[in-house]
Amino acid sequence: MSRTTGPILALGTITVVNATVFNDQEMDWRVPVATGLALVGFNLAEKAFPDGAHMVAWTALLATLVTRIEPGTPSPVESAVEWWKNGSRPSAGGGSGPSREV
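Procedures and definitions
Residues numbered from 1 in each chain as written. Predicted model: local features only at pLDDT ≥ 70, side-chain atom pairs only at ≥ 80, totals over all residues. Heavy atoms only, no water. 1 Å grid on protein atoms, 1.4 Å probe; cavity = no way out; pocket = protein on both sides within 12 Å on 5 of 7 lines; lining within 4 Å. Points joined across faces, edges and corners; volume = space filled by probe spheres on them. Helix = DSSP H or I, 4+ residues; strand = E, 2+ residues; numbered from the N terminus. Nonpolar A, V, L, I, M, F, W, Y, C, P; charged D, E, K, R; others polar. Buried < 20%, exposed > 50% of the residue type's maximum accessible area, 1.4 Å probe, protein only.

Caption draft 1: Focus on the layout of surface pockets. By volume, the largest pocket amounts to about 190 Å³. Every residue lining the largest pocket is counted, 15 residues in all, and those nearest its centre are Thr15, Ala19, Gln25, Ile69 and Glu70. Looking at the lining of the largest pocket element by element, the count peaks at five residues for helix α1 (residues 5–22). A per-class count over the lining of the largest pocket returns six nonpolar, six polar and three charged.

Caption draft 2: Spotlight on the environment of Asp51. Inspection of the secondary structure puts Asp51 in helix α3 (residues 50–66). Using a relative accessible area of 54% as the deciding quantity, one classes Asp51 as exposed. Here the alpha-carbon distance between Asp51 and Arg3, two residues 48 residues apart in the chain, equals 9.4 Å.

Here is the structure:
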């Protein structure tokens, strides 16, 4: 397994979780397909330029955490903070998790 596999799999997983769990949207099956294609691309790039591909993979992961991918959907960090503040309760704009009264 290459060194870029972990960051790229995390990138795809975070994107799916942000949409489906935190923001209560339908599953976009293009994300897992794109993640698989990115894994193949990064594996090939790592053979030619190992340190550069590793650095770009981690940079892409960090950018995904703080960037809004879709205009109406908060970034994964924004979604997670809002979810945490609400005590894992769904907010008015979506989200999911166990509901409890305070």
